[in-house]
Amino acid sequence: SKEWNSKIFKGIIEAAGRDHLILSDPQTGTRYLLLMVYLDYVTFDEEIEYDYPYGAAPGLSVYPPR
């Protein structure tokens, strides 16, 4: 929308961290690096499968405090 300066990205989640999300569009081969500082929310049209990093449990932070 013009009011919110929003953009839609469609693709496959390649990686995700606490500060970024990497998507790839298999139709164009384009990869997107989305920084969480600029990202308000993400919606998915289907269930996603994501492997948490080794030693991490869903919902628990394994990063040291800043």
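Residues numbered from 1 in each chain as written. Predicted model: local features only at pLDDT ≥ 70, side-chain atom pairs only at ≥ 80, totals over all residues. Heavy atoms only, no water.

## A few points about the pairing of strand 1 (residues 12-16)
- Pairing geometry for strand 1 and strand 2 (residues 20-24), over four bridges, is antiparallel. Of the residues in strand 2, the one forming a bridge with Ile-13 is Leu-23. (Pairing = 2+ DSSP bridges. Helix = DSSP H or I, 4+ residues; strand = E, 2+ residues; numbered from the N terminus.)

## Side note on the pattern of salt bridges
- Counted under the stated rule, the structure contains one salt bridge.
- One salt bridge in this structure joins Glu-14 and Arg-31, with 3.1 Å as the shortest N-O distance. Highlighted residues: Glu-14 in strand 1 and Arg-31 in strand 3 (residues 31-35), separated in sequence by 17 residues.
- Judged by relative accessible area, Glu-14 falls into the partly exposed class, the value being 40%.
- Owing to a relative accessible area of 58%, Arg-31 belongs among the exposed residues under this scheme. (Salt bridge = Lys/Arg side-chain N within 4 Å of Asp/Glu carboxyl O. Buried < 20%, exposed > 50% of the residue type's maximum accessible area, 1.4 Å probe, protein only.)

## Things to note about the side chain of Ser-24
- The residue Ser-24 is located in strand 2 in this model.
- Look at Ser-24 and you get buried, because its relative accessible area is 12%.
- Side-chain polar atoms of Ser-24 contact the side chain of Glu-14, separated by 2.9 Å.
- Look past the residues within four positions of Ser-24 in its chain and what remains in contact with it is Gly-11, Ile-12, Glu-14, Thr-30 and Arg-31. (Polar contact = N/O pair within 3.5 Å; in protein donor to acceptor, adjacent residues only side chain to side chain. Contact = heavy atoms within 4.5 Å.)

## Comments concerning the sheet that holds strand 2
- Read from one edge to the other, the open sheet built from three strands follows the order 1-2-3, with strand pairing classed as antiparallel. Two strands lie at the open edges of the sheet, namely strand 1 and strand 3, each paired on one side alone. Averaged over all pairs of adjacent strands, the angle between strand axes in this sheet comes to 25°, irrespective of strand direction. (Axes fitted to C-alpha atoms, helices over the stretch in contact; angles between N-to-C directions.)

## What to know about the pairing of strand 2
- In this structure, the hairpin formed by strand 1 and strand 2 is closed by a connection of three residues.
- Between strand 2 and the antiparallel strand that follows it, strand 3, lie six residues; Gly-29 among them carries a positive phi value of about 80°.

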